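Here are the chains, one letter per residue:
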Amino acid sequence: MGNKSWTTPGASRDAQREAKRQAVLQAGARLFNDHGYEQTSLEDIAAALNITKRTIYYYVQSKEDILFGCHQQGLEVLGETMAQSQDPGLPVIARITLLIQGYCAWVSTDLGATIAMVREHSLSPERRKALRDSKAEVDFQLRSLIKQGVAEGSLRPCDPRLVSAAVFGALNWIPHWNRVDNPVPQEEIAEQYLQLVFAGMTTPSGEVQALV
């Protein structure tokens with residue numbers, strides 16, 4: 001079985017290998033999300049790429065490697081959003097906005113959706129812990145921003161744990177309902193979610209921040 005698009009003319013060997021590994025991860029993520037992790041085999045992923053199962057083993061060792069690779073790739077992208085939302089030069093509400101917008105965009109991709117669509121028990125204990133630690137960092141950052149907002153008076157007094165749980169619960173549910181023929185654009189989802197969050201949380205001074 002051959003695939004002419006599997007090779008990029010003129011690319012270095014390392015670039016070729018990385019591009020092919022990325023193709024395996026993307027195909028795996030799409031099938032995991034559409035059909036379920038347990039129901040998807042390496043043969044299915046190979047067929048989606050029009051290559052042989054043997055070829056896949058040049059880039060990953062197992063189906064779990066693909067799933068964990070998807071999580072790693074997605075969390076790296078999310079890490080960039082987290083870095084932006086840590087900018088002390090921005091108002092707290094703007095930083096919360098960046099974090100929620102970035103998470104919404106990430107979980108709306110095939111790679112990002114795997115963290116919501118595929119249960120953690122599919123990973124080994126070590127990898128499961130690594131994933132939970134990474135997710136906890138995002139949760140901690142949102143909680144921290146909420147605490148700062150309450151302390152400065154831009155957000156109403158609240159329990160940051162409950163607010164964070166509600167926000168990420170809503171965000172993580174996006175791939176469950178929005179993987180349809182005509183999905184709602186992730187920018188529109190983020191805007192609506194932010195309106196809902198800030199409508200119940202901002203004080204008059206926070207409302208001014210949100211308008212700036």
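Computed from a predicted structure; not experimentally measured.

Within the secondary structure, T203 sits in the loop between α10 (186-201) and α11 (204-211). What T203 contacts, discounting residues up to four positions off in sequence, is G153, S154, L155 and R156.

Throughout the structure, instances matching the rule amount to 4 aromatic pairs. A ring pair is formed by F32 and Y37, whose centres lie 4.9 Å apart and whose planes are at 65°; its orientation type is edge-to-face. One exposure class covers both F32 and Y37, and it is buried. An aromatic cluster of three or more residues is present, and its members are Y103, W106 and F168. Its end group placed over the ring of Y37, K63 keeps NZ or CZ at 4.3 Å from the ring centre.

Looking now at the packing of helix α1 (residues 13-35) against helix α4 (residues 63-84). Contact geometry of α1 with α4 gives a least axis separation of 9 Å together with a crossing angle of 95°. Judged by the angle between their axes, α1 and α4 are roughly perpendicular. When α1 is examined against α4, the residues R21, Q22, V24, L25, G28, A29 and F32 are found in contact with a partner set consisting of K63, D65, I66, L67, G69, C70 and Q73.

The next point concerns the nonpolar core. Residues I45, I56, I66, I96, Y103 and L171 are the most contacted members of the largest nonpolar core, which totals 53 residues. Those elements that provide at least two residues to this core are α1, α2 (42-49), α4, α5 (92-107), α6 (110-117), α7 (125-152), α8 (160-172) and α10. The element contributing the most residues to this core is α5, with 9 residues. What Y103 contacts, discounting residues up to four positions off in sequence, is L78, I115, V138, F168, L171 and N172.

Two elements in contact, α5 and α10, have axes whose closest approach is 9 Å; the angle formed by their N-to-C orientations is 140°. Relative to α10, the element α5 is oriented oblique. Of the two elements, α5 crosses α10, and the hand of that crossing is right-handed. Here I93, I96, T97, I100, Q101, C104 and A105 of α5 come into contact with α10, specifically with Q186, I189, A190, L194 and F198. Residue composition of the contact of α5 with α10, grouped by class: 9 nonpolar, 3 polar and no charged.

A few words on the layout of surface pockets. Counted as a void, the largest pocket has a volume near 170 Å³. If you trace the largest pocket, you find 13 residues lining it, with S108, T109, N178, R179 and P183 closest to the centre. Its residues placed into classes, the lining of the largest pocket shows 8 nonpolar, 4 polar and 1 charged.

Another aspect to go through is unusual backbone geometry. One non-glycine residue, N50, lies in the positive phi region at around 60°. Summarising the element assignment, N50 is placed in the loop between α2 and α3 (53-56). On the basis of relative accessible area, N50 is assigned to the partly exposed category, the value being 34%.

Attention now goes to the pattern of salt bridges. If you walk through the whole model with that rule in mind, you get 8 salt bridges. Between R179 and D110 there is a salt bridge whose closest N-O contact spans 3.2 Å. Residue R179 is found in the loop between α9 (174-177) and α10, and its partner D110 is found in helix α6; the two are separated by 69 residues along the sequence. What makes R179 partly exposed here is its relative accessible area of 30%. Here R161 ties to D159 by a salt bridge, and the two come within 2.9 Å at their closest N and O atoms. With a relative accessible area of 52%, R161 lands in the exposed category. In this structure D159 comes out as partly exposed when scored by relative accessible area, which is 26%.

Definitions and limits used
- Residues numbered from 1 in each chain as written.
- Predicted model: local features only at pLDDT ≥ 70, side-chain atom pairs only at ≥ 80, totals over all residues.
- Heavy atoms only, no water.
- Helix = DSSP H or I, 4+ residues; strand = E, 2+ residues; numbered from the N terminus.
- Contact = heavy atoms within 4.5 Å.
- Phe/Tyr/Trp six-rings, centres within 6.5 Å; stacked < 30°, edge-to-face > 60°.
- Buried < 20%, exposed > 50% of the residue type's maximum accessible area, 1.4 Å probe, protein only.
- Lys NZ or Arg CZ within 6 Å of the ring centre and 35° of its normal.
- Axes fitted to C-alpha atoms, helices over the stretch in contact; angles between N-to-C directions.
- Parallel < 35°, antiparallel > 145°, perpendicular 65-115°, else oblique.
- Core = buried A, V, L, I, M, F, W, Y, C linked by side-chain atoms within 4.5 Å.
- Left-handed = near helix turned anticlockwise from the far one by under 90°.
- Nonpolar A, V, L, I, M, F, W, Y, C, P; charged D, E, K, R; others polar.
- 1 Å grid on protein atoms, 1.4 Å probe; cavity = no way out; pocket = protein on both sides within 12 Å on 5 of 7 lines; lining within 4 Å.
- Points joined across faces, edges and corners; volume = space filled by probe spheres on them.
- Salt bridge = Lys/Arg side-chain N within 4 Å of Asp/Glu carboxyl O.

On their own, these measurements won't tell you what the molecule is for.
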